[in-house]
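Geometric and topological summary
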Amino acid sequence: MISFENVTKQYLKSSVKAVDGLTLKVEAGELFGFIGPNGAGKTTTIKMLTGILRPTEGRVFVDGTDMASDPITAKRKLGFVPDGADLFDRLTGMEYLNFLGDMYGVSASDRKARMEKYLDLFELTDAVGGRIAGYSKGMRQKLATIGSLIHDPDVWVLDEPMMGLDPKASYELKEEMKRQCAQGKTVFFSTHVLDVAEKLCTRVALIHHGRLAAEGTIEALKNAEHAESLEQIFLELTEDGHQEEE
Ligand SMILES: Nc1ncnc2c1ncn2[C@@H]1O[C@H](COP(=O)(O)OP(=O)(O)OP(=O)(O)O)[C@@H](O)[C@H]1O
Ligand SMILES: [Mg+2]
């Protein structure tokens, strides 16, 4: 479960709010898509959700734990794939996964089982012994994805996770997201790929200029906006000149 309560972020020296009064709840078992134009506030929101950034106002809860007052407990429940996986170049893939396994206190047997499963799924078994410095963009993304699952998190947060993945890896990622949900986990991801969001998500939220512009099931949004597709909803609600209701 994820809950944002009236969360605002204003970066230092910025006159505008990158995220402005966001209130949103995502239940366990949901596959939740977070969409919005470039600069809308998705990554900022995700950084607050994962405890990387502190909200200027408001509170963030992960499975009921307040990120601000008990960050260690909250972060333990989270698996996070940042955008543009920036990893430790000098480590090998295996060292990186073991580093994460150590950090989260994952037992040797669980670690081995999860590594084997996900390295195989993302076809990274042959590369995992090599240094990350020699990985392609997609290989880094895959490694970050595997690393985010090493402690079997309750809440899986991914920032544009399909970016850089080949079609097979992208397919496997989507299947894994569905499996995690089916197991009662919470999956929250941002994306610009609207047809993926439309097909995959139980619910989506659209953020625009830091504010929640729409939220609901695809069906409910289509009905409310008299739209045929998520793309149409997106284009209409983020159009310049579209008046947001105050
Ligand atoms: N470190 C920072 N310092 C100041 N302003 C920032 C910082 N990071 C982001 N911003 C600003 O906050 C706003 C939201 O940015 P954010 O990265 O959250 O958008 P986004 O929705 O993730 O966009 P994209 O789709 O391009 O990834 C933008 O106006 C951006 O310029
Ligand atoms: Mg972003």
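Calculation notes
- Residues numbered from 1 in each chain as written.
- Chains lettered and ligands numbered in written order.
- Predicted model: local features only at pLDDT ≥ 70, side-chain atom pairs only at ≥ 80, totals over all residues.
- Pairing = 2+ DSSP bridges.
- Helix = DSSP H or I, 4+ residues; strand = E, 2+ residues; numbered from the N terminus.
- Axes fitted to C-alpha atoms, helices over the stretch in contact; angles between N-to-C directions.
- Contact = placed C-beta atoms within 7 Å.
- Domains from an automatic or database assignment.
- Nonpolar A, V, L, I, M, F, W, Y, C, P; charged D, E, K, R; others polar.
- Core = buried A, V, L, I, M, F, W, Y, C linked by C-beta atoms within 7 Å.
- Buried ≥ 20, exposed ≤ 12 C-beta atoms within 10 Å, placed from the backbone.
- Parallel < 35°, antiparallel > 145°, perpendicular 65-115°, else oblique.
- Left-handed = near helix turned anticlockwise from the far one by under 90°.
- Near = placed C-beta within 6 Å.
- Arc of directions from axis to C-beta.

Our focus in this paragraph is the sheet that holds strand β6 (residues 78-81). Spatially, β6-β7-β8-β3-β9-β10 is the arrangement adopted by the six strands of the open sheet, whose pairing is mixed. In this open sheet, the two edge strands, each paired with only one partner strand, are β6 and β10 (211-216). For this sheet the average axis-to-axis angle between neighbouring strands, irrespective of direction, equals 15 degrees. Where strand β7 (residues 155-159) meets strand β8 (residues 186-190), five bridges bridge the pair, whose relative direction is parallel. Residue pairing in the sheet places Val 155 in a bridge with Thr 186 of β8. Strands β6 and β7 of the sheet are contacted by helix α5 (residues 137-148), whose axis makes an angle of about 175 degrees with β6.

Turning next to the domain arrangement of the protein. Interface size, as often reported, equals the accessible area lost upon joining of the parts. Considered domain by domain, the protein is made up of domain 1 (1-77 + 153-167 + 176-239) and domain 2 (88-151). Placing the centre of domain 1 and that of domain 2 at their C-alpha centroids yields a distance of 25 Å. In this complex, domain 1 contributes nine residues to the contact, which on the side of domain 2 involves eight residues. Across the side of domain 1 that touches domain 2, the residue classes tally to five nonpolar, one polar and three charged.

For the rest of this paragraph, the subject is the nonpolar core. By size, the foremost hydrophobic cluster in this structure holds 67 residues, and its most contacted members are Leu 124, Leu 143, Val 157, Val 187, Phe 188, Val 204 and Leu 206. Mapping this core onto the domain boundaries places at least three of its residues in each of domain 1 (1-77 + 153-167 + 176-239) and domain 2 (88-151). Not counting chain neighbours up to four residues away, the residues in contact with Phe 188 comprise Ile 2, Val 26, Phe 32, Phe 34 and Val 157.

In the contact formed by helix α8 (residues 218-225) and helix α9 (residues 230-237), the axes pass within 10 Å of each other and the chain directions differ by 50 degrees. With respect to α9, the axis of α8 lies oblique. Between α8 and α9 the crossing geometry is left-handed. Of α9, the residues touching α8 (which contributes Ile 218, Leu 221, Lys 222 and Glu 225) are Leu 230, Ile 233 and Glu 236.

Turning our attention to the sheet that holds strand β1 (residues 2-9). Taken together, the four strands give an open sheet; going across it, the order is β2-β1-β4-β5, and neighbouring strands pair in antiparallel fashion. Edge positions in the open sheet fall to β2 (19-26) and β5 (65-66), since each of these has one partner strand only. Relative to β2, β1 is paired through five bridges, and the arrangement is antiparallel. Opposite Ser 3, over in β2, you have Lys 25 as the bridge partner.

Right, let's talk about the site of ligand 1 for a bit. Residues in contact with ligand 1, as listed here, are Tyr 11, Ser 14, Ala 18, Gly 36, Asn 38, Gly 39, Ala 40, Gly 41, Lys 42, Thr 43 and Thr 44. Within the shell around ligand 1, the residues separate by chemical class into three nonpolar, seven polar and one charged.

Right, let's get into helix α3 (residues 93-103). Because each turn of an α-helix spans 3.6 residues, side chains separated by three or four positions end up pointing in the same direction. Buried within α3 are the following residues: Gly 93, Tyr 96, Leu 97 and Gly 101. The arc that holds every buried residue of α3, seen down its axis, measures 140 degrees, which confines them to one face. On its buried face, α3 is in contact with α4 (108-121) and α5. Of the residues one or two after α3, Gly 105 is the one with positive phi, at around 65 degrees.

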